[in-house]
Amino acid sequence: MANNSAAVRVRGLRVVRGGTTILEGLDLDVPAGQVVGLLGPSGSGKTTLMRAVVGVQANVTGELTVLGMPAGDAALRHRVGYVTQAASVYTDLSVVENLRHFAVLAGLRGAAATAAVAQAVDAVDLGGHEKQQVLSLSGGERSRVSLAAALVGDPELLVLDEPTVGLDPVLRRDLWAMFHRLAGQGRTLLVSSHVMDEATRCDRLLLLRQGVLVADTTPAALLAETGAPDAEQAFLALIDKAAAR
Ligand SMILES: Nc1ncnc2c1ncn2[C@@H]1O[C@H](COP(=O)(O)OP(=O)(O)OP(=O)(O)O)[C@@H](O)[C@H]1O
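Source: prediction; values computed, not measured.

About the cut-offs
Residues numbered from 1 in each chain as written. Predicted model: local features only at pLDDT ≥ 70, side-chain atom pairs only at ≥ 80, totals over all residues. Heavy atoms only, no water. Pairing = 2+ DSSP bridges. Helix = DSSP H or I, 4+ residues; strand = E, 2+ residues; numbered from the N terminus. Contact = heavy atoms within 4.5 Å. Axes fitted to C-alpha atoms, helices over the stretch in contact; angles between N-to-C directions. Near = heavy atom within 4 Å. Polar contact = N/O pair within 3.5 Å; in protein donor to acceptor, adjacent residues only side chain to side chain. Areas by Shrake-Rupley, 256 points an atom, 1.4 Å probe, with all protein chains shown as cover. Nonpolar A, V, L, I, M, F, W, Y, C, P; charged D, E, K, R; others polar. 1 Å grid on protein atoms, 1.4 Å probe; cavity = no way out; pocket = protein on both sides within 12 Å on 5 of 7 lines; lining within 4 Å. Points joined across faces, edges and corners; volume = space filled by probe spheres on them. UniProt positions renumbered as here; feature names shortened; annotations may be inferred.

### Some points on the sheet that holds strand E1 (residues 6-17)
Step number 1: With respect to topology, 4 strands assemble into an open sheet ordered E2-E1-E4-E5, the strand pairing being antiparallel. The outermost strands of the open sheet, each flanked by one partner alone, are strand E2 (20-31) and strand E5 (69-70).
Step number 2: Two strands pair when backbone bridges link them, and E1 and strand E4 (residues 60-66) are joined in this way by 6 bridges, in the antiparallel orientation. By the bridge assignment, Arg-14 is partnered in E4 with Thr-61.
Step number 3: Sheet strands in contact with helix H1 (residues 46-54) are E1, E2 and E4, and its direction is about 115° off that of E1.

Okay, structure coming up:
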């Protein structure tokens, strides 16, 4: 790996979508083994950056290294898990049928696949729903199945696009606790959100505004530097400062 402490290294990244430059000259690192929040208003480029990191975005230029390899490299396929905002599981299958399918895609068979599925069900707290058809699950349960589908292959880097949208406060708290558990086991998580109070749950924060990195900081430093009472007001203060430049 070029830089042992960075799971993702971005230098001079530029992404053009539909003829519009969405990200321009982005430089950042996602440190390994941490929960890194990617925060910013709607349309700021969070999904675009995540798509570039997982290698599904066209028209990407600049340096983008993921786990020491160029983003999108075939060798990264099983090492990076990506959960999009849209549910990516089959609604006509049960929870376990879905997860078995993703386990097979991750190259697991037999007892290894069964164990990985059980572990993923456990991680997202869906015990008791194993045989339930996804169609009949609640919205929050369904998004946890998507998350479990990404976990089943035991990826080193998890890229999660707004995983807590639509979840109640208890589930959101539990999911963030799980993210930290996963990071504690050595995984890296890049988690987007536009809910600023979630910023305080991250180890590090990347704040995007109109495709530009406004801050690369920690929750404590964000509050200290802006003197704001909470993350939302700190972010607004940074945005106002950036706009005044
Ligand atoms: N195919 C496209 N052509 C032109 N512009 C696009 C295209 N796809 C996305 N965009 C624009 O790129 C910008 C960034 O979009 P992106 O989805 O990355 O933002 P986001 O921060 O993830 O937003 P949200 O929080 O609403 O999901 C938006 O202004 C969007 O309209």
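Next comes the rest of the description.
### Some points on the site of the ligand
Step number 1: Around the ligand lies a shell of 13 residues, among which Ser-42, Gly-43, Lys-46, Thr-47 and Thr-48 are the nearest.
Step number 2: In this structure, Arg-17 approaches the ligand through a side-chain N or O atom, which is 3.2 Å from a nitrogen atom.
Step number 3: At 2.5 Å, a side-chain N or O of Thr-48 approaches an oxygen atom of the ligand.
Step number 4: Calculation on the ligand without its partners gives an accessible area of 650 Å², and the protein chains cover 62% of this total.
Step number 5: Here the shell around the ligand gets 3 residues from one element, more than from any other, and that element is H1.
Step number 6: Here the shell around the ligand is composed, by residue class, of 2 nonpolar, 8 polar and 3 charged.

### Brief notes about the layout of surface pockets
Step number 1: Volume-wise, the largest pocket comes out at about 650 Å³.
Step number 2: In this structure, the largest pocket is lined by 24 residues; those nearest its centre are Arg-77, Val-80, Gly-81, Tyr-82 and Phe-102.
Step number 3: For the lining of the largest pocket, the secondary structure elements donating two or more residues are H1, strand E6 (80-83), helix H2 (95-105) and helix H4 (139-151).
Step number 4: For the lining of the largest pocket, the element with the most residues is E6, which contributes 4 residues.
Step number 5: Considering only enclosed or pocket space, the second largest pocket measures out at about 350 Å³ in volume.
Step number 6: Gln-119, Ala-120, Leu-151, Asp-154 and Arg-187 are, among the 17 residues lining the second largest pocket, the residues nearest its centre.
Step number 7: Mapped onto the lining of the second largest pocket, the elements with two or more residues apiece are helix H3 (110-123) and helix H5 (169-184).
Step number 8: For the lining of the second largest pocket, a count of residues per class yields 10 nonpolar, 3 polar and 4 charged.

### A look at the sheet that holds strand E9 (residues 204-209)
Step number 1: One open sheet accounts for 6 strands, arranged E6-E7-E8-E3-E9-E10; its pairing is mixed. Unpaired on one side and paired on the other, E6 and strand E10 (212-217) mark the two borders of the sheet. For this sheet the average axis-to-axis angle between neighbouring strands, irrespective of direction, equals 15°.
Step number 2: Here 4 bridges tie strand E7 (residues 157-160) to strand E8 (residues 188-193), and the two strands are oriented parallel to one another. Bridge pairing links Leu-157 to Thr-188 in E8.
Step number 3: Sitting on the sheet, H5 touches strand E3 (35-39), E7 and E8, and the angle it makes with E8 is about 155°.
Step number 4: Lying on the sheet, helix H6 (residues 219-226) is in contact with E9 and E10; it crosses E10 at an angle near 105°.

### A short note on the UniProt feature "domain: ABC transporter" (unreviewed entry) in the protein
Step number 1: In the numbering adopted here, UniProt assigns the feature "domain: ABC transporter" (unreviewed entry) to residues 8-235.
Step number 2: The annotated region residues 8-235 carries 33% helix and 27% strand content, and the separation between its end C-alpha atoms amounts to 23 Å.

### Some points on the side chain of Thr-164
Step number 1: Counting through the fold element by element, Thr-164 comes out in the loop between E7 and H5.
Step number 2: Here the side chain of Thr-164 touches Glu-198 through a polar contact of 2.8 Å, side chain to side chain.
Step number 3: Excluding residues that lie within four positions of it along the chain, Thr-164 makes contacts with Arg-172, Leu-175, Trp-176 and Glu-198.

### Regarding the pairing of E10
Step number 1: Sheet topology places E9 next to E10; 5 bridges connect them, and they run antiparallel. The residue bridging Leu-208 from the neighbouring strand is Leu-213, located in E10.
Step number 2: The antiparallel hairpin formed by E9 and E10 contains 2 residues in its connecting segment, where Gln-210 sits at a positive phi of about 45°.

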